[in-house]
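One-letter residues, chain by chain:
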Amino acid sequence: MTPDEFRENGKKMIDWIADYYEQIEKYPVLSQVQPGDISCQLPEQAPEQGESMSDIMADVDRIIMPGITHWQSPNFFAYFQSNSSFPSILGDLLSSGLGVQGMLWATSPACTELETRVMDWLVDLMGLPEHFKSTDSGGGVIQDTASSAALAALLAARERKTNYRSHQTGDTAGLVAYISTQTHSSLEKGVKIMGLGTDRLRKIAVDPRFAMDPLELEKQIVQDLAAGMKPFFVCATIGTTSSNAVDPVRRIGEICQKYDLWLHVDAAMAGSAALLPDYRHYFDGLELADSYAFNPHKWLFTNFDCDCFWVADKAALIKTLSILPEYLKNEATEQGAVIDYRDWHIQLGRRFRSLKLWFVLRHFGAEGLRHHIRQHLELTGEFVAMVQSSDDFELLNQPPFNLVCFRHKAGNTFNKQLMDTINRTGRLFFTHTVLNEQFWLRMSIGQTQTELRHLKDAWQLITQQAKTLPLPPENN
Ligand SMILES: *Cc1c(COP(=O)(O)O)cnc(C)c1O
């Protein structure tokens, strides 16, 4: 493809994407295809001869689009959002265009220095602890996902606990990690990957609000210490995936200091709320955290993937993950004057992700971002009021952030049927969780284009469908 052909096709592609966003509400939000429906339309062999962009795009429309679940639809309320915005798409496109691989400062100084600056900006914008800044003991790095951030935190915690010997000896004897029953599954996965084994992962009980019980945590640590084990890591969550519960970070942090455990705080979704000063009380105690992660790719209008990960002590992370083979040696690295982000995460190579985040921060400005986050929180309040206005439905709690957990009073089977029936209409997409053996419907309200009218339509659809479904003989 020549630059001129790229110019022509590129403009068409931008038009295609702009049209898509203009028409996005016409598609069924949840893809309606069956397993295999897409693959059976794709040839078994890759093409021998090159094909034209117009043929390829025709197949996008014909084959691919029916198999798309429209994450960017304003009627997408499932899981947690992975929201996006036009400035972010443009930043991502520029990153593709530059095709930079930023493993070392020397492999593109701007890729490293912009990332460091943007991560430092966010510390101020979100009221995070000063020592997370690169100019202080800590520093931030963009990871692909919160899962990778958690794994990096687990590894650094292991090294610190073993005086930076475990990576050499492979000895993890006695190490024990602590999460709650509500912690994201990526922590359990991280423990598996690091070779610790899930037998050495303690799932601490939660209180009636689904937050980790710090008394139970301390009891378990004391018991493990008495048994000769080595407690080394706790993950606290601000905004759990199931119900947006907030663990008591300060109390957990104090326990971690007392027994010398690494505290990782996971705020993958709710982290964006820290932009609003009146929401910062949920983040109280964060200065006791050794590491912290949140996902701009969930609720900060930045295309997947983008996770912001900070550590209080960058030396601990770097000592854990640093490696310097001959072929990567260079003067800037040897002088120690620069950051080489390949030492801050699992993989070596890295995309220029800070571009899209920079575009988002500059396009919206802090004021614009605060406005949109607050709007989602206000819309959440509106939806809560709708649920409360009905005698047939109940709320789990007053949501701290932008996730509403609610259910029809007719029991588990009824709620599941209600959700499945509505999702099959394609008019909206929402999902569920199970808490205390009860089936709860979840509405996550954080899509960039969601407005009050979408929530009103959603509520009308939910209540109408609930009236047409047969009630079960006995409530459960
Ligand atoms: C979504 C989520 C994660 C995992 O996010 P990835 O970035 O996809 O790994 C981790 N923790 C919490 C609390 C989440 O909500």
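- If you look the protein up in an unreviewed UniProt entry, it shows as Aromatic-L-amino-acid decarboxylase from Mangrovibacterium marinum.
- If you open the UniProt record of the protein and go to Sequence similarities (unreviewed entry), you find "Belongs to the group II decarboxylase family."
- Looking at the protein in UniProt, the text filed under Cofactor (unreviewed entry) is "pyridoxal 5'-phosphate".

Brief notes about the packing of aromatic side chains
Phase 1 of the analysis: Throughout the structure, instances matching the rule amount to 24 aromatic pairs.
Phase 2 of the analysis: Ring centres 5.5 Å apart and planes at 75 degrees place the aromatic pair Phe 383 and Phe 406 in the edge-to-face group. With Phe 383 in helix α13 (residues 354–388) and Phe 406 in strand β9 (residues 403–408), the pair connects residues that are 23 residues apart, well separated along the chain.
Phase 3 of the analysis: Take Phe 406: its relative accessible area is 0%, and that puts it in the buried class.
Phase 4 of the analysis: Above the plane of the ring of Trp 440 lies Arg 407, whose end atom (NZ or CZ) is 5.3 Å from the centre.
Phase 5 of the analysis: Here the basic side chain of Arg 442 rests over the ring of Phe 80, its NZ or CZ set 5.1 Å away from the ring centre.

Brief notes about the nonpolar core
Phase 1 of the analysis: Judged by nonpolar contacts, the single largest core of 60 residues is most densely connected at Leu 217, Val 234, Leu 263, Tyr 292, Phe 294 and Trp 310.
Phase 2 of the analysis: By residue number, the principal contributor to this core is α13, which donates 8 residues.
Phase 3 of the analysis: Taken domain by domain, the makeup of this core includes at least three residues from each of domain 1 (1–30 + 69–85 + 366–476) and domain 2 (100–351).
Phase 4 of the analysis: For Phe 294, the contacting residues outside a window of four places in its chain are Leu 122, Met 126, Ala 267, Ala 268, Gly 271, Ser 272, Leu 300, Asp 307, Cys 308 and Trp 310.
Phase 5 of the analysis: Counting residues in each nonpolar core, the second largest holds 32 residues, with Leu 151, Ala 153, Tyr 164 and Cys 235 among its members.

Points about the site of the ligand
Phase 1 of the analysis: Of all residues adjacent to the ligand, which total 14 residues, the nearest are Ala 146, Ser 147, Asp 266, Asn 295 and Lys 298.
Phase 2 of the analysis: Asp 266 places a side-chain nitrogen or oxygen 2.5 Å from a nitrogen atom of the ligand.
Phase 3 of the analysis: Take Lys 298: an N or O atom from its side chain is 2.9 Å from an oxygen atom of the ligand.
Phase 4 of the analysis: Contact with the protein chains covers 89% of the free accessible surface of the ligand, which is 390 Å².
Phase 5 of the analysis: At the level of secondary structure, the elements contributing two or more residues to the shell around the ligand comprise α5 (146–161) and α10 (296–299).

What counts, and at which threshold
Residues numbered from 1 in each chain as written. Predicted model: local features only at pLDDT ≥ 70, side-chain atom pairs only at ≥ 80, totals over all residues. Heavy atoms only, no water. UniProt positions renumbered as here; feature names shortened; annotations may be inferred. Phe/Tyr/Trp six-rings, centres within 6.5 Å; stacked < 30°, edge-to-face > 60°. Helix = DSSP H or I, 4+ residues; strand = E, 2+ residues; numbered from the N terminus. Buried < 20%, exposed > 50% of the residue type's maximum accessible area, 1.4 Å probe, protein only. Lys NZ or Arg CZ within 6 Å of the ring centre and 35° of its normal. Core = buried A, V, L, I, M, F, W, Y, C linked by side-chain atoms within 4.5 Å. Domains from an automatic or database assignment. Contact = heavy atoms within 4.5 Å. Near = heavy atom within 4 Å. Polar contact = N/O pair within 3.5 Å; in protein donor to acceptor, adjacent residues only side chain to side chain. Areas by Shrake-Rupley, 256 points an atom, 1.4 Å probe, with all protein chains shown as cover.

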